[in-house]
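Survey of secondary and tertiary structure
Each chain, letter by letter, is given below.
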Amino acid sequence: MEKLKHRPFACIPIPSPFLVQLLLFSFLILNPQSWGVIAQNATSASVRVGVVLDLSPFGMRARTSISMAIDDFYIANPNYSTRISFNFKEYQSDTVGATSAAVDLLKTQVEAIIGPMTSTQTEFVAYLCNRARVPLITYSATSPAISPAHLPYFIRATLNDSVQSLSIAAFIQHFGWRAVIPVYEDSDYGSGILPSLVDALQPIDTRIPTRAAIPIKATDVYIENELNRLMNLQTRVFLVHMLPRLASRLFKLAAKIGMLSEGYVWMVTDSVGNVLEIEDTATINSMQGVVGFRPYVPKSYMFSKFAARFKARFQKDYPGTDVIEPNIFQLRAYDAAWALAKAVEMANVTTPAFTMPQGANGPTVLDRLGVSQTGERLLGAISNTTFNGLAGNFSLVDGQLQLSAYEIVNVIGKDPRNVGFWTLNGGLTSELNDTPSPMTGGNNDKKLKPIQWPGAGNLKDQVPRGWVIPTKGRILKIAVPVKHGFYQFVNVSQPISNASKVTGYCIEVFDAVMRKLPYHVAYNYLPFKDSSFSYNNLVYQVYLNNYDAVVGDTTILANRTNYVDFTLPYTESGVSMVVPVKQGTSNTMWIFLQPLTAQLWLTSLAFFFFTGFAVWVIEHRVNPEFRGTIWQQIGLIFYFSFSTLVFAHKEKLESNLSRFLVIIWVFVVLILTSSYTASLTSMLTVQQLKPTITDVNQLLKQGDYIGYQDGTFAVALLKRLNFEPSKMRNYSTVDQYAEALAKGSANGGVAAIFDEIPYLKVFLSKYCANYTMVGPTYKTDGFGFAFPRGSPLVADISRAILNVTEGDEMMRIEKKWFEDLSLCASQNSNPHSSSLSFRSFAGLFIITGVVSVLMFLIYIGRYICLNWDKLKRICKENNSPSKKLQAISKQFDRMDSSIRPVPSRYSIDGIDRYEDTSTHGQESSARVSHQSSAPASPPPQEETLVQTESNNLTGQGSMART
């Protein structure tokens, strides 16, 4: 029996050779497909591939998965001429062990290496493989710090964490959180996600106020102290990126101190999200409400079949070990081994081909490693390999696996529950077959299924706001200027004592803005007092990190932005000047011309003449009152149009065209005369105030003194305007402004005050009776709050400023501090009445002009149609243009008997009179013309009919009485 202890199989009967042959023959008969495999194995080339595995359960599961992949591959492809022969190297879970195992494999001249587990270990091994030109395939190293761009022989058969960062950023933006704290493993793997995370959060304006790096071997006391530090901050959104073992300890301690309660948001990356199903009960209980991200693996029939086979194979390989469902890492390892076996056949790698580089006899083992001659060919074959694997579509681009979709899960009870998906093109969706939508912000609940947050007993629609007022934390130091005037903007009472009270318009605006932020910011106002106070010096204190911000009447200037960042302006600004006003004179003898501008006078005269001319043309042939000598008709044109000013025209109009024209013109005249009367009345009765100075050049030419406010940036502007420093005087208060302006430049005062418009409005609200704002306005960007350059608060406060300025709260604040500004609004617009311009009446002149031209054209057109034959005859009878024009004028000058009968002419006492020849025999209106100054002859005794020359339209004779 003692001998049997050293021979564990001695008690088993050894079968006879005949029995062995019989059993082998029976196996071949029962498995015909194995005949080709055995025959092929006898002739296939063996390709050595190394596998680096740790001694953890993770490594054991990966070994089973890789072995199954090779078995399944060659069963599916029995005719391939190559066969992979694995050389498994196991190591302790550290970087040194992984590197040592890789060196041993390279010494045996393997054609490729699969593994190791972590990103830190993989990075060291990748440099070795890159030197030996041996492809390294990883199925678990996700850190972006390792890139195929720098290590060409590194192949990532899993997803890059930079893609995962985009899904996390979309989730954060979806719920509108403006700050997130990364809690990561203090290693290359843990910190590797930070650059891609920052890049993903920047476009959505989410900041990282702080971060927490947890060492891999940190004690519970260290972790708990770090969690207490985070709990004292205002941010309540955390992202955990670490390996499962450290994450398990972290969540247990966080739950212990109450950080898994209501109001908190915890997210985990795929390193933890992929293993949620296999975490122990204590860890899952501490992670209730946690949201996890992981690559999506569809639960297909192929996956279910593999899972059953994997459990059986794993139990066979490692009896007595707990059997669990395969996760994404086992699937990736399976697909990586399958891809390698396919690439080996494609590259036709049959025998190892290694050459020793020059100087291979170095003192270290690394110097004596060979260089693979088939590695480049094998690398290209792997990069071009595509197939539908267990974990999804296997396709490499630039040496990295491409994303299909990320699954978002929520830890509820014992198992994680799916709440949505994220794809690169579709963004967040509740189901993969949903219509793709872009990654946008807002709380669109239809994009995700309901989520149970930490501390909630059931599903709640209430989304955590992501911040709270901290019990402890850093308080911002806000500098405010100590002013000696214009206290409406900033007023610091008791600036020397610790009980300073800060009030004013700027302070109240800042408080209202800070209340609009989606998170709480603690701050204290600290008065800034300096013997040589200037706003530039105050802003520079923020650049020196003596203060965290400046709040006050600080103007946004280009040179100041070189040192600080400003928020959006919350008030308008600009530099202008205030000057005294003097009494205007209105007793000039030509004041009656001032109500209208010269352009309007000339336009009115032109339309008076044009309207009279148009009426004369229409009425001349049909109305005897518009006939006579040339000078009589010219006088009638002017008299008729100007008589409409007082509506004294007595001429009776015969044509409807002229009547309509005059109606429109009378309306224009009524508006014009009424406006003229009102403007002249205002000039004669209203007190006229005119500024003493109207232009900056006038100040420079006269050499007057000017004033400005203490500490203002306007000094530099005045120097650029060529004002000499000796001609500039500084003041602090409104009363000092008034006193200096009242004295004048010649008596120790100033001729004008230059300052920003908000201060000038405050001054005019008190002294508007004697001063006015004139001259050009030199534009500035207004008042803003100053913060250090790159401060994440600037963007949020700028948005909050828009919310305040666009609402009623800003109006309430302005009314509270500047309620008297509207009392003198009219004074600031224009100190004297202005003349009426042509632009004010352009519409009326256009209307009457169009009507006049239209009536004129209608009449001329009708005249030509009615007299077309006569006009044609005149043109034929006269050859020269002048004669034609003369004949047409005579024709037009004749009375139109078809509209009004031509009266008969007779003479009484030497005076020509006209008698209507109509059947009624009524006498028409007579137009009298004296033929001579000789005494009248007695009337004739007998009546004789004489044929005289006709002057009617037909040219025939008429009967005249003599």
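Here the structure is shown first, and the text comes after it.
Residues numbered from 1 in each chain as written. Predicted model: local features only at pLDDT ≥ 70, side-chain atom pairs only at ≥ 80, totals over all residues. Heavy atoms only, no water.

**Things to note about the pattern of salt bridges**
This model, assessed by the stated rule, comprises 22 salt bridges. Across the pair aspartate 71 and arginine 313 runs a salt bridge whose closest N-O atoms are separated by 3.3 Å. With a gap of 242 residues between them, aspartate 71 in helix H4 (residues 57–76) and arginine 313 in helix H14 (residues 301–317) connect regions that are remote in the sequence. Since its relative accessible area comes to 35%, aspartate 71 is described here as partly exposed. With its nearest N and O atoms 3.1 Å apart, the salt bridge here joins lysine 816 to glutamate 508. One end of the pair, lysine 816, is in helix H27 (residues 808–817); the other, glutamate 508, is in helix H17 (residues 505–515), with 308 residues separating them in the sequence. (Salt bridge = Lys/Arg side-chain N within 4 Å of Asp/Glu carboxyl O. Helix = DSSP H or I, 4+ residues; strand = E, 2+ residues; numbered from the N terminus. Buried < 20%, exposed > 50% of the residue type's maximum accessible area, 1.4 Å probe, protein only.)

**Some points on the side chain of serine 604**
Checked against the element boundaries, serine 604 lands in helix H19 (residues 598–619). Classification of serine 604 as buried rests on a relative accessible area of 4%.

**Quick look at the sheet that holds strand S9 (residues 265–268)**
Strand order in the open sheet made by the eight strands is S7-S6-S8-S9-S10-S17-S18-S19, with mixed pairing throughout. In the strand order of this sheet, the two ends are held by strand S7 (212–214) and strand S19 (427–429), each with one partner. Across the sheet, the mean angle from the axis of one strand to that of its neighbour is 25°, orientation sign disregarded. Sheet strands in contact with helix H7 (residues 161–175) are strand S8 (237–241), S9, strand S10 (291–295), strand S17 (406–412), strand S18 (415–423) and S19, and its direction is about 145° off that of S10. Sheet contacts for helix H10 (residues 220–231): strand S6 (181–185), S7, S8 and S9; angle to S7, the most-contacted strand, approximately 170°. (Pairing = 2+ DSSP bridges. Axes fitted to C-alpha atoms, helices over the stretch in contact; angles between N-to-C directions. Contact = heavy atoms within 4.5 Å.)

**A short note on the packing of H17 against helix H26 (residues 793–805)**
Two packed helices can be described by the angle between their axes and the distance between those axes. Contact pair H17 / H26: the axes reach a minimum separation of 8 Å and the direction vectors enclose 110°. Between H17 and H26, the angle falls in the class roughly perpendicular. Contacts between H17 and H26 involve Ala512, Val513 and Met514 from the first element and Ile797, Ala800, Ile801 and Val804 from the second. Residues of the contact of H17 with H26, tallied by class, amount to seven nonpolar, no polar and no charged. (Parallel < 35°, antiparallel > 145°, perpendicular 65-115°, else oblique. Nonpolar A, V, L, I, M, F, W, Y, C, P; charged D, E, K, R; others polar.)

**Observations regarding the pairing of strand S2 (residues 82–91)**
For strand S1 (residues 45–54) and S2, the ladder comprises ten bridges, and the chain directions are parallel. The partner of arginine 48 across the bridge, within S2, is serine 85. The handedness of the S1 to S2 crossover, carried by H4, is right-handed. (Right-handed = clockwise from strand over helix to strand, strands pointing away.)

**A few points about the packing of aromatic side chains**
Counting across every chain of the model gives 50 aromatic pairs. On the numbers, 6.2 Å between centres and 20° between planes, the contact of phenylalanine 238 with tyrosine 264 is stacked. Taken together, the residues span a long stretch of sequence, with phenylalanine 238 in strand S8 and tyrosine 264 in the loop between helix H11 (244–256) and S9 at a distance of 26 residues. Exposure class is identical for phenylalanine 238 and tyrosine 264. Each is buried. In this structure, arginine 63 is placed above the aromatic ring of phenylalanine 88, and the distance from its NZ or CZ to the ring centre is 4.2 Å. Directly above the ring of tyrosine 705 sits arginine 729, whose terminal nitrogen or CZ lies 3.8 Å from the centroid. (Phe/Tyr/Trp six-rings, centres within 6.5 Å; stacked < 30°, edge-to-face > 60°. Lys NZ or Arg CZ within 6 Å of the ring centre and 35° of its normal.)

**What about the packing of helix H24 (residues 734–743) against helix H25 (residues 757–767)?**
Packing of H24 against H25 leaves a shortest axis separation of 10 Å and a crossing angle of 70°. Viewed along their axes, H24 and H25 adopt a mutual orientation that is roughly perpendicular. Taken as a pair, H24 and H25 cross one another with a handedness that is right-handed. Facing H24, whose interface residues are Val734, Asp735, Tyr737, Ala738 and Leu741, H25 presents Val762, Phe763, Lys766 and Tyr767. Partitioning the contact of H24 with H25 into residue classes produces seven nonpolar, no polar and two charged. (Left-handed = near helix turned anticlockwise from the far one by under 90°.)

**As for helix H5 (residues 95–107)**
The terminal C-alpha atoms of H5 lie 18 Å apart, and with 13 residues this matches the ideal 18 Å at 1.5 Å per residue to within 8%. Here H5 has its buried residues at Gly97, Ala98, Thr99, Ala101, Ala102, Val103, Leu105 and Leu106. On its buried face, H5 sits against S1, S2, strand S3 (112–114) and helix H6 (119–132). Positive phi shows up at glutamine 109, right after H5, with a value of about 60°. (Expected span 1.5 Å × (residues − 1).)

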